[in-house]
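These are the residues of each chain, in order.
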Amino acid sequence: MSGDRLPIGVIGTGYVGLVTAAGFAHLGSDVYCIDIDADKIARLEAGEIPIYEPGLAEMVAANRERLHFSTDIADALEHARLLFVAVGTPPTYSGDADLSAVYAVVEAIPALATRSEQQRHALVMKSTVPAGTGASIKRVLAGEGKQGLSYVSCPEFLKEGSAVKDFLNPDRVVVGDDGDWAGDAVVDLYAPLQATVVRTDIASAEMVKLASNAFLATKISFINEIANVCEETGADVIEVARGMGLDDRIGQKFLQAGIGFGGSCFPKDVNALKQLAGNSGYHFQLLNAVIEVNELQKRRVISKLLKHLGSLVGKNIALLGLAFKPNTDDMREASSLVLSARLQADGAKVRVYDPIAEEEARHLIRGVYFATGALDAIQDADAVVLVTEWEEFITLDWDDVASRMAGTVVLDGRNALDREAVAAAGLTYEGIGRGTLTSLT
Ligand SMILES: NC(=O)c1ccc[n+]([C@@H]2O[C@H](COP(=O)([O-])OP(=O)(O)OC[C@H]3O[C@@H](n4cnc5c(N)ncnc54)[C@H](O)[C@@H]3O)[C@@H](O)[C@H]2O)c1
């Protein structure tokens, strides 16, 4: 695809920024990508993709001549009027969103009062920010004589692991704006994707994003609690979720019980919404429970292991998968971080393997053995825990696994394994919310 599409700037070339940049380049725009991380920009210029995201390397390579990389925001300002902001908004210690990178971008833009209407720029906020941030930024802009700069909230809903596909096939595009040229320009940019556009005010657009993530996280914590009750009552949460999900008011998605949600978005956005409510004087009771259930869910693995093994002291425990979900190298808030630390604190020897996230994990996890493959991780293991459901773990030969393990326990933290196949190999299978299946041999 090509043509005379509007050039854009993208500030921040992480998961969201790089996918957004590659996606709009694919749709025909020249894209000026800016990042303060000079090393990242150098790698991008050299044709290297700093993150793992299926299809992204191919999309960047195919549109290389339309993608321009720089550490200087002036390059984007010179060539593009729409500046998509995709910098990180990580949690602070209080759970509020840290908006310092967003405000650094606002600061970096010079006053534009002397520019004509046609030369003016707009900030298009892709980063997830609390409702009210757009209004605050507009006040700051006005205070600094930058009122010529328009502001659009265009929250991002892509999922790591399928981000390129999600960019090209969004469920909806949300555009919150003041009804000026910038909102129209953003809607035009997305037009080739033929997505449903929700055109609204800025605060509502900001809230759509936080509310969506908080709702999805609530669904996960809900089914995890159902799973825990299933374990006490003999019900199988997979059957229960299937029966529930066929009600189209409920739906099948996000009803997979497991060892808790992680990643860069759900934990942070649930906390940010809780804090946003608290800062406005409203106690968002439900979200406290969502967060607490999620934390406890990660730790239930330890009590299950203790039930099977008696003590963890000196036991070899293999963790299969480290990333917070398959098809990504993102380790932010991954359950493996809590698990590896808890297991070591209880005296276990931890062997870990992830096909993609190892490099990232090495910065975050200490004291464990990083195995060269799944079979190396499970060698002499007293118990194996499936943490991330990468395809290569689903298709393991369980007879081979059994012959290498010292013990027999397989904890399926994602309910992703074929439990009959595991048990048929003489192993003891336990999932989440579906009881134990012992050796069928
Ligand atoms: N990752 C996701 O799945 C996802 C999905 C939807 C929304 N979001 C939101 O999008 C935003 C970005 O998330 P991400 O995962 O892409 O983050 P990321 O950490 O992968 O990338 C952020 C990038 O911004 C750069 N940066 C920081 N300050 C900068 C500055 N002042 N100028 C230029 N570049 C700067 C960093 O160097 C980094 O490369 C966050 O608000 C996040 O909540 C993320």
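*Asks:* Tell me what's going on with the nonpolar core, and back it up with residues and numbers.
*Replies:* Within the largest apolar cluster, 59 residues are counted, with the highest numbers of intra-cluster contacts made by Leu 305, Ile 317, Leu 319, Leu 320, Leu 343 and Trp 398. Discounting residues that sit within four places of it in the chain, Leu 319 has contacts with Leu 339, Ser 340, Leu 343, Val 350, Arg 351, Val 352, Tyr 353, Val 385 and Val 387. Membership of the second largest hydrophobic core comes to 40 residues, among which are Ala 22, Leu 27, Val 31 and Val 124.

*Asks:* Account for the pairing of strand β9 (residues 316-320), naming residues and giving values.
*Replies:* In terms of burial, β9 is largely enclosed, as 5 of its 5 residues are buried. Neither face of β9 is open: one carries Asn 316, Ala 318 and Leu 320, the other Ile 317 and Leu 319, and all of them are buried. With 5 bridges joining them, β9 and strand β10 (residues 349-353) adopt parallel strand pairing. Across the sheet, Leu 320 pairs through a bridge with Tyr 353, a residue of β10. Viewed along the sheet, the connection from β9 through helix α13 (residues 335-345) into β10 turns out right-handed.

*Asks:* Give me the lowdown on the side chain of Asn 63, citing residues and values where you can.
*Replies:* Summarising the element assignment, Asn 63 is placed in the loop between α3 (56-62) and β3 (67-70). Residue Asn 63 is classed as buried on the basis of its relative accessible area of 4%.

*Asks:* A description of the packing of helix α9 (residues 202-233) against helix α12 (residues 285-309) should follow, citing residues and the corresponding values.
*Replies:* For any two helices packed against each other, the geometry is given by the interaxial angle and the distance between the axes. Remark: α9 packs on α12, axes separated minimally by 9 Å, with the N-to-C direction vectors making an angle of 45°. If you check the angle between α9 and α12, you find them oblique. The interaxial crossing formed by α9 with α12 has left-handed handedness. Facing α9, whose interface residues are Ala 214, Ala 217, Thr 218, Ser 221, Asn 224, Glu 225, Asn 228 and Glu 231, α12 presents Leu 286, Leu 287, Val 290, Val 293, Asn 294, Gln 297, Arg 300 and Lys 304. Looking at side-chain class alone, the contact of α9 with α12 contains 6 nonpolar, 6 polar and 4 charged residues.

Rules of the game
Residues numbered from 1 in each chain as written. Predicted model: local features only at pLDDT ≥ 70, side-chain atom pairs only at ≥ 80, totals over all residues. Heavy atoms only, no water. Core = buried A, V, L, I, M, F, W, Y, C linked by side-chain atoms within 4.5 Å. Buried < 20%, exposed > 50% of the residue type's maximum accessible area, 1.4 Å probe, protein only. Contact = heavy atoms within 4.5 Å. Helix = DSSP H or I, 4+ residues; strand = E, 2+ residues; numbered from the N terminus. Pairing = 2+ DSSP bridges. Right-handed = clockwise from strand over helix to strand, strands pointing away. Axes fitted to C-alpha atoms, helices over the stretch in contact; angles between N-to-C directions. Parallel < 35°, antiparallel > 145°, perpendicular 65-115°, else oblique. Left-handed = near helix turned anticlockwise from the far one by under 90°. Nonpolar A, V, L, I, M, F, W, Y, C, P; charged D, E, K, R; others polar.

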